[in-house]
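Fold and geometry: a report
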Number of protein chains: 2
Amino acid sequence: MKQMLLTVFTLVVVLIFSGLATAQTVDPLPSWREGKVKQSIVEFVSKVTKEGAPEFVPPTERIAVFDNDGTLWAERPMYVQLAFALDRVKALAPRHPEWKDKEPFASLLKDNVKGAMADGMKSVVEIIMATHAGMSTLEFETIVKDWIATARHPATKRPYTEMVYQPMLELLDYLRANGFKTFIVSGGGIEFMRPWSEKVYGVPPEQVIGSSIKVKYEMSEGSPVLVRLPELDFYNDKEGKPVGIHQQIGRRPIAAFGNSDGDLQMLQWTTGGQGSRFALYVHHTDAEREWAYDRDSSIGRLDKGLDEALEKGWTVVDMKQDWKRVYPLAKN
Amino acid sequence: MKQMLLTVFTLVVVLIFSGLATAQTVDPLPSWREGKVKQSIVEFVSKVTKEGAPEFVPPTERIAVFDNDGTLWAERPMYVQLAFALDRVKALAPRHPEWKDKEPFASLLKDNVKGAMADGMKSVVEIIMATHAGMSTLEFETIVKDWIATARHPATKRPYTEMVYQPMLELLDYLRANGFKTFIVSGGGIEFMRPWSEKVYGVPPEQVIGSSIKVKYEMSEGSPVLVRLPELDFYNDKEGKPVGIHQQIGRRPIAAFGNSDGDLQMLQWTTGGQGSRFALYVHHTDAEREWAYDRDSSIGRLDKGLDEALEKGWTVVDMKQDWKRVYPLAKN
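Description of the structure in this document. The structure presented is a predicted model; accordingly, all values stated were derived computationally and were not measured.

Taken together, the contacts link 41 residues of chain B with 41 residues of chain A. Here chain B meets chain A over a buried area of about 3400 Å², counting both sides, of which 60% is carbon and sulfur. When the buried surface of chain B facing chain A is broken down by residue, B:Glu206, B:Tyr217 and B:Gln247 rank first, second and third, together holding 20% of it. At the junction of chain B with chain A, the criterion picks out six salt bridges. Here B:Glu206 and A:Lys181 are joined by a salt bridge, their closest N and O atoms 2.9 Å apart. Remark: the boundary between chain B and chain A carries 21 residue pairs in polar contact (both at pLDDT 80 or more). Elements represented by at least two residues in the side of chain B that touches chain A include exactly α1 (2-23), β2 (181-189), α9 (190-201), β3 (208-220), β4 (223-234), α10 (240-248) and α11 (264-271) of chain B. Among the residues forming the side of chain B that touches chain A, the class breakdown is 21 nonpolar, 11 polar and nine charged.

Spelled out as structure tokens, the structure:
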């Protein structure tokens, strides 16, 4: 009998404390300033997760897609993957004596990035193919892991994986806590992101969509390998983003997050579906804590997308205004 | 006080009964006969899920891949998707008067399937492109859903979705209950499977990998659509299966299930990784309850795969011997 009463007492105590814990509302988005942007996010999540409500969306359909460069991490002064490729050119140069006299490699090896990019997209493709192909998928994964663990951002000297946006990390967590499945949908290379996306963003490899080169299955000394070929397989940008989403997810997302014109079609495709939809653009307005750029930028240009966002009433994040902090661990 | 005691009493009753329920071991694979095949499955799952054990695999890495035709559902007398395509040719014929004199359509419309297939793969591609392309992805999804809801298997007159293998449904559930993420990796069309894979197999669209045709993003009367083009995008068979797995999952599976030589590379790729791996072939040996075929079959040929399975000690299911029942609801 005494033991029974003790059990009851314990139960009552537990119930009271768990009640208190629930009553305290912990802000799931502490790095977002109060205002209409934060409010639009919370309102959308509330209405699609409220069972019985007219706009309720079952968990299986709660697909959220995020661009990466400029949306989840910084893309200035150059795309991180391009910095990786340039470092790879230097690392591989001893094996390629012919690069000394061959563009775009010759300029690159003299640290003349601008000169190397003289032929625009053609230069980029040559650099990518020379550095991203010709090895097994496992070897490439190791190269990426080693690089991302040691490379530093040229301006801040911080690891690239700390150049991610704290408010967006909170947003990813918040959506997942509300039953969303979060995907990355980037113009960047799929195999450049997968080795670290789970650790940094909580997004597993099977939820990463990106550009890809072809791979070939073959036997190497009795063991199966996938060899990376110097041939484009899929370019996951602009009109490619809804295509990539369709091929890899097979459902239309209900929420999409981007920062440039390259994300416009993804936001159109997402909001073009029936029921409640959400689209958000990160607008780079903070020259002090990050970078300020939009309509005239060659990297992450936001021009048509900004017009369409304003016209359609999509959420536009004013980084300077709406974010208390930009990077993790930063004071602001 | 009286109420408190009542609460305690209720709690005690609940605890006793839940304890009893746990103590009773419910067989998760009731349609599998006891024997070395069933034992190999249970042993593999036990060892990779036992925390602290040397062969433990964390849940995120528990990827299991399943072929569809002949592994999860019947592929005789013809692939279900081919039956779908033939029905579509008939449905579309009024809009294509020219088909009356054009092969392979002319023969098909006279129910001469063999004649229509005279040109082999060329005929198949023509039929697929004529029936699977030229509409939006949403329209195609509706066509598939309508067809699968009404079409019947020619031999059994049952809906195709009841021509699935009960032991394999139990296996899918068993793996998921043990923290596995289950994927379909089929040579069949990805968009032919996705509309019903979640309902029938518990596999959501984003976990279906298959062959695909190209799609194009465009605006149609102000709304974004994806239009299906008559052009092959990816053929997910043989060497294509490890490639498709790599592109869409980005991790190497630890368990693979197939029934034909078309699955061999998938089984090689899966078992070629480090740590504990599992490969299983469904061998069609049951002419009475299903069909018996292997080395000489044009559909689902199992020849090289069978040799390699025997050589490497993979699990081979003797359908007649190892399965108590073949189909759901069937007595045997």
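So, on to the sheet that holds strand β6 (residues 278-283) of chain B. All names here are of chain B. As summarised here, the arrangement of the seven strands in space is β4-β3-β2-β1-β5-β6-β7, forming an open sheet in which the pairing is mixed. A single partner strand is all that each edge strand has here, and the edge strands are β4 and β7 (315-318). Adjacent strand axes in the sheet meet at a mean angle of 30°, parallel and antiparallel pairs treated alike. By the bridge criterion, four bridges tie strand β1 (residues 63-66) to β2 in an arrangement that is parallel. Bridge pairing in β2 links Val-65 to Phe-183. Contacts from helix α12 (residues 304-312) reach β6 and β7, with the element oriented near 135° to β6.

Moving on, we come to the nonpolar core. Within the largest apolar cluster, 55 residues are counted, with the highest numbers of intra-cluster contacts made by A:Trp32, A:Met168, A:Leu171, A:Tyr201 and A:Phe257. Only α2 (36-49), β1 (63-66), α3 (80-92), α7 (137-150), α8 (166-177), α9 (190-201), β5 (255-258) and β6 (278-283) of chain A provide two or more residues apiece to this core. Residue contacts for A:Tyr201: discarding those within four places in its chain leaves A:Asn68, A:Leu72, A:Trp73, A:Val164, A:Leu169, A:Leu172, A:Arg176, A:Ile184 and A:Trp196. Ranked by size, the runner-up nonpolar core spans 54 residues in total, among them B:Ala64, B:Leu72, B:Met135 and B:Val144.

In this section: the relation of the copies chain B and chain A. The transformation that overlays chain B on chain A combines an axial shift of 0.0 Å with a rotation of 180°, and the residual RMSD is 0.0 Å. As the rotation angle and translation indicate, the two copies are arranged about a two-fold axis. For chain B, the residue whose C-alpha comes nearest the rotation axis is B:Gln248, separated from it by 3.1 Å. Comparing interface residues between copies, 100% of those in chain B also sit at the interface in chain A, which points to an isologous, same-surface contact.

In this section: a nonpolar patch on the surface. Residues A:Met121, A:Val125, A:Leu232 and A:Tyr235 make up a contiguous nonpolar surface patch of about 400 Å² in total accessible area. Position of A:Leu232 relative to the elements: it lies in strand β4 (residues 223-234).

It is worth spelling out the packing of aromatic side chains at this point. All names here are of chain A. Evaluated as defined, the whole model comprises 34 aromatic pairs over all chains. When the ring centre of Tyr-293 is taken as origin, the NZ or CZ atom of Arg-76, which lies over that ring, is 4.2 Å away. The aromatic ring of Phe-140 is capped on one face by Arg-228, whose charged end is 3.9 Å from the ring centroid.

Definitions and cut-offs
Along each chain, residue indices are assigned from 1 in the same order as the chain's sequence is written. The naming scheme follows written order: chains are lettered A onward, ligands numbered 1 onward. Selection of residues for local features in this predicted model requires a pLDDT of at least 70, selection of side-chain atom pairs for listing and counting requires 80 or more, and totals for whole chains, interfaces and linings are taken over all residues. Heavy atoms from the whole structure form the basis of all side-chain values; hydrogens and water molecules are not counted. By definition in these notes, contact holds between two residues if any of their heavy atoms fall within 4.5 Å. By buried area we mean how much accessible surface two parts lose on assembly, using a 1.4 Å probe and totalling the loss over both. For this document, the term salt bridge refers to a Lys or Arg side-chain nitrogen within 4 Å of an Asp or Glu carboxyl oxygen. A 3.5 Å cut-off defines polar contacts: any pair of N or O atoms within that distance qualifies, except that in protein one atom must be a possible hydrogen donor and the other a possible acceptor, and neighbouring residues in sequence count only when both atoms are side-chain atoms. Put simply, DSSP H or I for four residues or longer makes a helix, DSSP E for two residues or longer makes a strand, and each gets a number counted from the N terminus. In this count, Pro and Cys sit with the nonpolar residues alongside Ala, Val, Leu, Ile, Met, Phe, Trp and Tyr, while Asp, Glu, Lys and Arg are called charged and the others, Gly among them, polar. The criterion for strand pairing is that DSSP finds at least two bridges linking the strands in question. Orientation is described by lines fitted to C-alpha atoms, with helices fitted over the stretch in contact, and by angles between N-to-C directions that extend from 0 to 180 degrees. To qualify as a nonpolar core, a set must consist of buried Ala, Val, Leu, Ile, Met, Phe, Trp, Tyr and Cys residues joined through side-chain atoms within 4.5 Å. Only protein chains enter the accessibility calculation, which uses a 1.4 Å probe. A residue is then buried if its area is under 20% of the maximum for its type, exposed if over 50%, and partly exposed in between. Residues below a pLDDT of 70 in either copy are left out; the C-alpha atoms of the rest, at least 70 in both, set the least-squares superposition of the copies. Patch members must show over 30% relative accessible area and no salt bridge, and they are joined within 9 Å when carrying like charges or within 5 Å when they are nonpolar side chains of Val, Leu, Ile, Met, Phe, Trp or Tyr. Here the open area of atoms and residues is found with the Shrake-Rupley method and a 1.4 Å probe, where only the protein chains shown may cover a residue. For this analysis, a ring pair means two rings from Phe, Tyr or Trp (six-membered ring only for Trp) whose centres lie within 6.5 Å, classed as stacked if their planes differ by under 30 degrees, edge-to-face if by over 60, and tilted for the remaining angles. A ring is considered to have a charge above it if a Lys NZ or an Arg CZ atom is located within 6 Å of its centre and within 35 degrees of its normal.

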